[in-house]
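# Coordinate inspection notes
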Amino acid sequence: MHRRTTGVSRRTVTKAAAGAGLAVLLGARTAAAVGSRTVDVSVSSAALGRSAPVRLILPSGFGSQPTRTYPVLYLLHGAHDDYTSWTRETDIEAFTEGRDLIVAMPDAGPTGIPTAWRGGPDYETFQLKEVPALLARDYRASGVRVVAGVSTGGYGAMAHAARHPGMFTAAASYSGILDTMAPGVPTLMDAIVARENLVPTSLWGNPFLNMLTWRDFNPRNRAAGLRGTALYVSSGSGLAGGTGDWLPEALESALWPSAHAFTDTLALQRIPVTTHFYAGGGHSWAYWKQEFTASWPLLARGLGVPQ
């Protein structure tokens, strides 16, 4: 994992923040300014048993309007990546210039699965309680939130919104794992965990012996909790109609049935969802960047900001 967050003194943060127009960052205990509006904050997390990073992009007028509060766009990273991915792979900083919102990109660990692990850290509590508390206390975040994510972050977006009804006004998934119990998907989840040299059962246990736990964290099984949340789901067919880039296309193909099973369940429960199921496509940022742009009107309405 890439780690660019560094511990600095309050004086250093103050100087850097003032030079970047971010003098209001004094509330953060450990922070590093990485751009004119972007800061990495280290959060002391009881849920994780360690400090963990979250990258923030603050509104353009943040320092000049000290009493104003702002809605928050949460962006979740995928597997084998980290909290810097959205700024590394997209133009999210430029895209949000002049828009009155905070962008929060929290750490989800090496697997990018932001859940309460059976054998370890609780990324769900970190992302949904500890980070929002920090944002409300130090960055004037309002209670209006939307969430979007790629791959395992797409899982996180829908799982968070489903397991905590009303916390997010909108949720978007781009190539997310939306039915973790669909045929072949538990094996895929195990492979993601094992690739980081972690024991697969440390996630939610055995998918058969601990089926109730797997169901509890499965977006499809928790779909009823999404009623009233504006939803966007996109996924490609991968190898069917693909271009020959077989590895990302094969992964996208493996998730195609899972995404359809999820949206079919929403349809059965008469829960509205905007979908974009496209031919081909791969499990990569080349497609996710386009899907974020396509979903932006829905997210903007959820945030209450102009499109």
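Up top is the structure.
Below you will find a few notes about this structure. Note that the structure is a prediction, hence the values are computed from the model and not measured.

### Some points on helix α4 (residues 123–138)
Over its 16 residues, α4 runs 21 Å from end to end, which matches the ideal 22 Å to within 8%, given 1.5 Å per residue. The largest bend along α4 reaches roughly 25 degrees and is located at Val131, with the proline Pro132 sitting one to four residues downstream. Turning to α4, its buried residues are Tyr123, Glu124, Phe126, Gln127, Leu128, Glu130, Val131, Pro132, Leu134, Leu135 and Asp138. On its buried face, α4 sits against β2 (38–45), β3 (50–57), β4 (70–76), β5 (102–106), β6 (141–150) and α5 (152–163).

### Thoughts on the packing of aromatic side chains
One pass over the structure, following the stated rule, counts 16 aromatic pairs. Ring geometry for Trp204 versus Phe217: centroids 5.7 Å apart, planes at 5 degrees, classification stacked. Taken together, the positions of Trp204 in the loop between α6 (185–195) and α7 (211–216) and Phe217 in the loop between α7 and β8 (230–236) put the pair 13 residues apart, joining distant regions of the chain. When sorted by exposure, Trp204 lands in the same class as Phe217, which is buried. An aromatic cluster is defined as three or more aromatic residues linked by ring pairs; in this entry it consists of Trp86, Phe95, Tyr174, Tyr232, Trp285, Trp288, Phe292 and Trp296. The positively charged end of Arg99 is found above the aromatic ring belonging to Phe95, 4.4 Å away from the centroid.

### Observations regarding the sheet that holds β4
Spatial ordering of the open sheet is given by β1-β2-β3-β5-β4-β6-β7-β8-β9, a layout of 9 strands whose pairing is mixed. Both outer strands of the open sheet, β1 (31–33) and β9 (274–278), are each paired with one neighbouring strand and no more. For this sheet the average axis-to-axis angle between neighbouring strands, irrespective of direction, equals 20 degrees. Note that β4 and β6 share 6 bridges and pair parallel. By the bridge assignment for β6, Leu73 is matched with Val146. Contacts between α5 and the sheet are confined to β4, β6, β7 (170–174) and β8, with β6 contributing the most and set at about 140 degrees to the helix.

### Things to note about the pairing of β4
A regular strand places its side chains so that they alternate between the two faces of the sheet. When you tally the buried positions in β4, you get 7 out of 7 residues, the bulk of the element. Direction of pairing for β4 relative to β5: parallel, over a ladder of 3 bridges. Residue Tyr74 lies in a different strand from β5, and its bridge partner there is Ala104.

Calculation notes
- Residues numbered from 1 in each chain as written.
- Predicted model: local features only at pLDDT ≥ 70, side-chain atom pairs only at ≥ 80, totals over all residues.
- Heavy atoms only, no water.
- Helix = DSSP H or I, 4+ residues; strand = E, 2+ residues; numbered from the N terminus.
- Expected span 1.5 Å × (residues − 1).
- Bend = angle between axes of the 7 residues up to and from the residue.
- Buried < 20%, exposed > 50% of the residue type's maximum accessible area, 1.4 Å probe, protein only.
- Contact = heavy atoms within 4.5 Å.
- Phe/Tyr/Trp six-rings, centres within 6.5 Å; stacked < 30°, edge-to-face > 60°.
- Lys NZ or Arg CZ within 6 Å of the ring centre and 35° of its normal.
- Pairing = 2+ DSSP bridges.
- Axes fitted to C-alpha atoms, helices over the stretch in contact; angles between N-to-C directions.

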